[in-house]
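Architecture at a glance
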Amino acid sequence: RFLQDVFTTLVDLKWPHTLLIFTMSFLCSWLLFGMVWWLIAFAHGDLDHSTRLQRDPGEGVAGAPAGFVPCVTSIHSFTSAFLFSIEVQVTIGFGGRMVTEECPAAILVLIVQNIVGLVINAIMLGCIFMKTSQAHRRAETLIFSKHAVIALREGKLCFMLRVGDLRKSMIISATIRMQVVKKTASLEGEVVPLNQIDIQMENPVGGNSIFLVSPLIIYHVIDKNSPLYDISPLNLHHHEDLEIIVILEGVVETTGITTQARTSYLADEILWGQRFVPIVAEEDGRYSVDYSKFGNTVKVPTPSCTARQLEEDKSIM
């Protein structure tokens, strides 16, 4: 299945493997056609010592064919055939070796090698270009806060995280979504070890679309429809079977390539009763962002109970 889409397989390989295949594809094709050129010269008699002497004026040898014309000039061994193969495929002409019109087979091999060389160039150079322009490289500058937090906002418990973009170029049509991954069991007793549940989120713009001109705090209101409805501070430890995955997608403004950045928060990476410190400030009529405080949080008064308990008993506030 991987070989059926060999181009994607090559792009997905690690750089050392890609460079090895890049080098071996050219080297093997040069050796293969070098062998073909050597066989043509051998079959035509170009490698015979007497015919090589007969080519030079005044050095004829008795019994050698008069006016002998080789298929390819100046091929005396496999080494010279290999050098001629390189010259043909990479279009380097040093002037010492060339195909004559003596052998139609040599002309056919010349055409085939040029076509094969162009195909190898197109595939390998396209593979290198795709690897250097992969979308996940752009995602390296899309950053998420190291920890997520749960605190009160507008009188409701909210799950919050911060996302930002380090580059000046924009991510167009950016959307963000979250999923809770945890082990669940159905009413019939079927156990789903990695059940993925979408959770509704809110952001300053509204909906899943965001305008990432500056770092944003994305939050999810923990209500009765939330899979976090029964989460309390006692559940936020590394033994808890809970993970929240955050996916940011958008189009890179400069290249038009769709990119995706992902992160996840385990239970012990969620801080209860804290909120993110402000990092956007106005200085001399311009807004500035202090990314050194991107993941900093401060403690705020927050009930140590689940969202269900808070909704059922308002006196906890």
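Nothing here was measured: the structure is a model prediction, and the numbers come from that model. (Residues numbered from 1 in each chain as written. Predicted model: local features only at pLDDT ≥ 70, side-chain atom pairs only at ≥ 80, totals over all residues. Heavy atoms only, no water.)

**Side note on the side chain of H220**
One can find H220 in strand β6 (residues 216-221). Within the local environment of H220, its side chain forms a polar contact with the side chain of S226, the two groups lying 2.7 Å apart. In this structure H220 touches L157, C158, F159, M178, I199, Q200, M201, S226 and L228, once residues within four positions along its chain are discounted. (Helix = DSSP H or I, 4+ residues; strand = E, 2+ residues; numbered from the N terminus. Polar contact = N/O pair within 3.5 Å; in protein donor to acceptor, adjacent residues only side chain to side chain. Contact = heavy atoms within 4.5 Å.)

**Section: the pairing of strand β8 (residues 258-266)**
Inspection of the sheet shows strand β7 (residues 243-252) paired to β8 by 9 bridges, in the antiparallel sense. Bridge pairing in β8 links G250 to T259. Taking the residues that link successive antiparallel strands as the turn, the β7-β8 hairpin has 5 residues, and the phi of G256 there is positive, at about 75 degrees. (Pairing = 2+ DSSP bridges.)

**Observations concerning the domain arrangement of the protein**
Interfaces are often described in size by the accessible area the parts lose on coming together. Under the domain assignment, the protein is made up of domain 1 (2-133) and domain 2 (137-312). A C-alpha centroid distance of 58 Å is found between domain 1 and domain 2. (Domains from an automatic or database assignment.)

**Comments concerning the state of the cysteines**
Tallying each qualifying case throughout the model produces 1 disulfide. Its sulfur unpaired, C28 is 16 Å from the next cysteine sulfur, which belongs to C127. Judged by relative accessible area, which is 1%, C127 ranks as buried. (Disulfide = S-S within 2.5 Å. Buried < 20%, exposed > 50% of the residue type's maximum accessible area, 1.4 Å probe, protein only.)

**Here's the deal with helix α2 (residues 15-44)**
Three- or four-residue spacings in an α-helix give side chains the same orientation, since the helix completes a turn every 3.6 residues. For α2, with 30 residues, the first-to-last C-alpha span of 44 Å sits near the 44 Å given by 1.5 Å per residue. T18, S25, F26, S29, W30, F33, G34, W37, I40 and A41 are the residues of α2 that are buried. Packing partners of the buried residues in α2 comprise α1 (6-12), α4 (78-89) and α5 (104-132). Immediately beyond the C-terminal end of α2, within one or two residues, lies G45, with a positive phi of roughly 90 degrees. (Expected span 1.5 Å × (residues − 1).)

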